[in-house]
Protein chains: 2
Amino acid sequence: MRSLQEKIINEGRVLSSQVLKVDSFLNHQIDPQLMKEIGEEFAQLFAGEKVTKILTLESSGIAPSVMAGLALNVPVVFARKRQSLTLTENLLTAEVYSFTKKETNRIAVSASFITGEDRLLIIDDFLANGQAALGLLDIADQAGASVAGVGIVIEKAFQDGAQLISERGVRVESLARIQSLENGKVTFAAKEGVTS
Amino acid sequence: MRSLQEKIINEGRVLSSQVLKVDSFLNHQIDPQLMKEIGEEFAQLFAGEKVTKILTLESSGIAPSVMAGLALNVPVVFARKRQSLTLTENLLTAEVYSFTKKETNRIAVSASFITGEDRLLIIDDFLANGQAALGLLDIADQAGASVAGVGIVIEKAFQDGAQLISERGVRVESLARIQSLENGKVTFAAKEGVTS
């Protein structure tokens, strides 16, 4: 997705060969117009899939998911990372290890909102080691829901997340695929590398 | 806002005289079409205010804020409740006490994204005791930004949040104002009670 790649080049900051900071438009400050384009791109990619609901993870997955939900005319459910006092009954949960933060978070979704009737599109802002997406796939499995695929805004293609998801037979669509962050520079993956 | 009131009546669950659960469309599952209407309503209410940026709080403030940002054509910044490893430098912070969770959270915004040039619209999903909104106002003050007002999706008008904000000379606009949750029933405040 060209406008996203341009935004990454213009505003992304390469903090190391592993870390790309995009908090001026995705993770802390949000560009609503770009989110709308991203949502519409996801909607187009999964148009024939009869998606009934989008599943994402708070907080940075919410903006692109709501825009995709608007375009696909389906609700969005976001998994919570922390226990909420008013979210206590009938939880579907998964453990998600963060390599960046070196901690395991329990993520949770109310079983009221994901059922065996659902066909889910899972959306997240970043894909690196795939732990968050795999946790969301676990939750989908627990609910007996089918999964149309995983939509990712930015994939770090030099890590193995996309492969781990593909090995589970699930389609992955990443709108920007980064091949390398070496030498302080963002290099995108060649088009033919797209997992699908 | 009639469609929001109808949604609250049809899907809101009154857990006690203090707690209204709206996690089927706002706090956990999100209705993107309703969020779009809410965003457009905020944009209309603050249309003449030369808003440059929207400030909100993760996670439930993000969806209505992004839709308002789309309608007003301005970026959205969400304050974080937890430290992020990649959000460490130049933080504007405030302490926010949650009466529901009985805990104090430090909320933080990068000083890179809110400056003295900004005119902010602060948006949040709920207004009860006003602690979150007051924390966001503190952050605006630290940045030297001016504040066009506070936009709230659902106000519990029987608590004093709106009054505390108004006493600081800040305009509050709530799209649904709940007068009472007594007897398991949602009663909306009369129109003329709107703080402005």
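Along each chain, the written sequence defines residue order, and numbers are assigned to residues from 1. Whichever chain is written first becomes A and whichever ligand is written first becomes 1, with later ones labelled in order. Given that the model is predicted, a residue must reach a pLDDT of at least 70 before its local features are reported, and side-chain atom pairs must reach 80 or more before they are shown or counted; all residues, however, enter totals for whole chains, interfaces and linings. Working from all heavy atoms in the structure, the side-chain values ignore hydrogens and water.

Looking at an unreviewed UniProt entry, chain A carries the name Xanthine phosphoribosyltransferase, with the source organism given as Bacillus thermotolerans. The UniProt entry for chain A carries the following text under Sequence similarities (unreviewed entry): "Belongs to the purine/pyrimidine phosphoribosyltransferase family. Xpt subfamily." Quoted verbatim from the Function (unreviewed entry) heading of the UniProt record, the comment on chain A is "Converts the preformed base xanthine, a product of nucleic acid breakdown, to xanthosine 5'-monophosphate (XMP), so it can be reused for RNA or DNA synthesis." UniProt positions are given in the numbering used here, feature names are shortened, and annotations may be inferred rather than shown by experiment.

Asks: So what's going on with the overall build of chain A? Which residues, and what values?
Replies: Across its full length, chain A holds five helices and eleven strands. As a reference, a globule follows 2.2 Å times the number of residues to the power 0.38, and the radius of gyration itself is taken over C-alpha atoms. Rg of the C-alpha trace for chain A: 16 Å, near the compact-globule value of 16 Å for 196 residues, within the 12% margin. Along the first, second and third principal axes, the C-alpha set of chain A runs to 50 × 35 × 30 Å. Here's how the labels work: a residue is buried when its accessible area is under 20% of the maximum for its type, exposed when over 50%, partly exposed in between, all with a 1.4 Å probe on protein chains only. The proportion of buried residues among the 196 residues of chain A is 57%. Pairs at least 24 residues apart make up 61% of the contacts formed inside chain A by residues separated by at least 6 positions. A total of about 8000 Å² of accessible surface is found on chain A, and carbon and sulfur atoms cover 44% of it. Put simply, chain A has 20 plus and 24 minus side-chain charges, and the middle of one group is 3 Å from the middle of the other. Numbered from the N terminus, helices here are DSSP runs of H or I no shorter than four residues, and strands are runs of E no shorter than two. Here a residue-residue contact requires only that any non-hydrogen atoms of the pair lie within 4.5 Å. In this description, accessible areas are obtained by the Shrake-Rupley approach with a 1.4 Å probe, and a residue is regarded as covered only by the protein chains that are shown. Residues scored as positive are Lys and Arg, those scored as negative are Asp and Glu, and His as well as the terminal groups of each chain are ignored. In this description, the location of a charge corresponds to atom NZ of lysine, CZ of arginine, CG of aspartate or CD of glutamate.

Asks: Go over the nonpolar core, please, and point to the residues and values.
Replies: Counting 68 residues, the largest nonpolar core has L4(A), I8(A), L20(A), I154(A), L4(B) and I8(B) as the members making the most contacts within it. Here this core gets six residues from one element, more than from any other, and that element is helix 3 (residues 62-72) of chain A. If near-sequence neighbours (up to four positions away) are discounted, L4(A) is found in contact with F25(A), L34(A), I38(A), V153(A), L175(A) and A176(A). Note on terminology: a nonpolar core comprises buried Ala, Val, Leu, Ile, Met, Phe, Trp, Tyr and Cys residues joined through side-chain atoms within 4.5 Å.

Asks: Describe the relation of the copies chain B and chain A, naming the residues involved and giving the relevant values.
Replies: Aligned on chain A, chain B shows an RMSD of 0.0 Å; the corresponding rotation is 180 degrees and the shift along the axis is 0.0 Å. The transformation just described matches what one would write down for a two-fold rotation axis. Rotation axis and chain B: the residue whose C-alpha lies nearest the axis is S59(B), separated from it by 2.7 Å. Counting the interface residues of chain B, we find that 100% of their copies in chain A are interface residues as well, pointing to one common contact surface. C-alpha atoms of residues with pLDDT of at least 70 in both copies form the basis for the least-squares superposition of the copies.

Asks: Got a sec to walk through the pattern of salt bridges? Specific residues and values, please.
Replies: Residue and element names in this part refer to chain A. Just to be clear on terms, a salt bridge is a Lys or Arg side-chain nitrogen sitting within 4 Å of an Asp or Glu carboxyl oxygen. All told, the structure shown has 22 salt bridges over all chains when counted by the stated rule. R119 is the salt-bridge partner of E49, the closest N and O atoms lying 2.5 Å from each other. Placement of the pair is E49 in the loop between helix 2 (32-45) and strand 4 (53-57) and R119 in strand 8 (residues 119-127), with a sequence separation of 70 residues. In this structure E49 comes out as partly exposed when scored by relative accessible area, which is 21%. Between E155 and R177 there is a salt bridge whose closest N-O contact spans 3.1 Å. Within this pair, whereas E155 is found in strand 9 (residues 146-156), its partner R177 is found in strand 10 (residues 172-180), the two being separated by 22 residues in sequence.

Asks: Explain the sheet that holds strand 3 (residues 29-30) of chain B residue by residue, including any values.
Replies: The strands making up a sheet are joined through hydrogen bonds of the backbone, oriented either antiparallel or parallel. Read across the open sheet, the seven strands follow the order 11(A)-10(A)-9(A)-8(A)-4(A)-5(A)-3(B); overall the sheet is mixed. Both outer strands of the open sheet, strand 11 (187-188) of chain A together with strand 3 of chain B, are each paired with one neighbouring strand and no more. Only strands joined by at least two bridges in the DSSP assignment are considered to pair. Where strand 10 of chain A and strand 11 of chain A come together, two bridges link them in antiparallel fashion. From the neighbouring strand, S180(A) faces strand 11 of chain A, where its bridge partner is T187(A). To get an axis, fit a line to the C-alpha atoms, keeping to the stretch in contact for a helix; angles then go from 0 to 180 degrees between the N-to-C directions. On the sheet, helix 2 of chain A packs against strand 8, strand 9 and strand 10 of chain A and is oriented at approximately 120 degrees with respect to strand 10 of chain A.

Asks: Talk me through the sheet that holds strand 11 (residues 187-188) of chain B; I want residue IDs and the actual numbers.
Replies: Taking strand neighbours across the sheet as the criterion, the seven strands line up as 3(A)-5(B)-4(B)-8(B)-9(B)-10(B)-11(B) in an open arrangement whose pairing is mixed. The open sheet is flanked by strand 3 (29-30) of chain A together with strand 11 of chain B, the only strands paired with a single partner. One ladder, built from three bridges, connects strand 4 (residues 53-57) of chain B with strand 8 (residues 119-127) of chain B; its direction is parallel. Paired with L55(B) across the two strands is I122(B), which belongs to strand 8 of chain B. In this fold helix 3 (residues 62-72) of chain B packs onto strand 3 of chain A together with strand 4, strand 5 (76-79), strand 8 and strand 9 (146-156) of chain B, with an angle of close to 175 degrees to the strand it touches most, strand 4 of chain B.

Asks: So what's going on with the UniProt feature "binding site: xanthine" (unreviewed entry) in chain A? Residues and values would help.
Replies: Under the feature "binding site: xanthine" (unreviewed entry), the UniProt entry names L20(A), N27(A) and K156(A). Positionally, N27(A) belongs in the loop between strand 2 (20-21) and strand 3. Not counting residues up to four positions away in its chain, the partners in contact with N27(A) are V22(A), S60(A), D125(A), F126(A), F78(B) and R80(B). Polar contact is the term for a pair of N or O atoms within 3.5 Å; when the atoms are in protein, one must be able to donate a hydrogen and the other to accept it, and sequence-neighboring residues count only if both atoms are side-chain atoms. Within the structure, the side chain of N27(A) is placed 2.7 Å from the side chain of D125(A), a separation counted as a polar contact. For K156(A), a relative accessible area of 12% gives the class buried. Only 2.7 Å separates the side chain of K156(A) from the backbone oxygen of Q18(A), close enough to count as a polar contact.

Asks: Lay out the pairing of strand 8 of chain A in plain terms, naming residues and giving numbers.
Replies: The side chains of a regular strand alternate between the sheet's two faces. The buried count for strand 8 of chain A comes to eight of nine residues, which makes it a mostly enclosed element. For the crossover from strand 8 of chain A across helix 4 (residues 131-143) of chain A to strand 9 of chain A, the handedness is right-handed. Crossover handedness is defined here as right-handed if the route from the first strand over the helix to the second strand goes clockwise, with the strands pointing away from the viewer.

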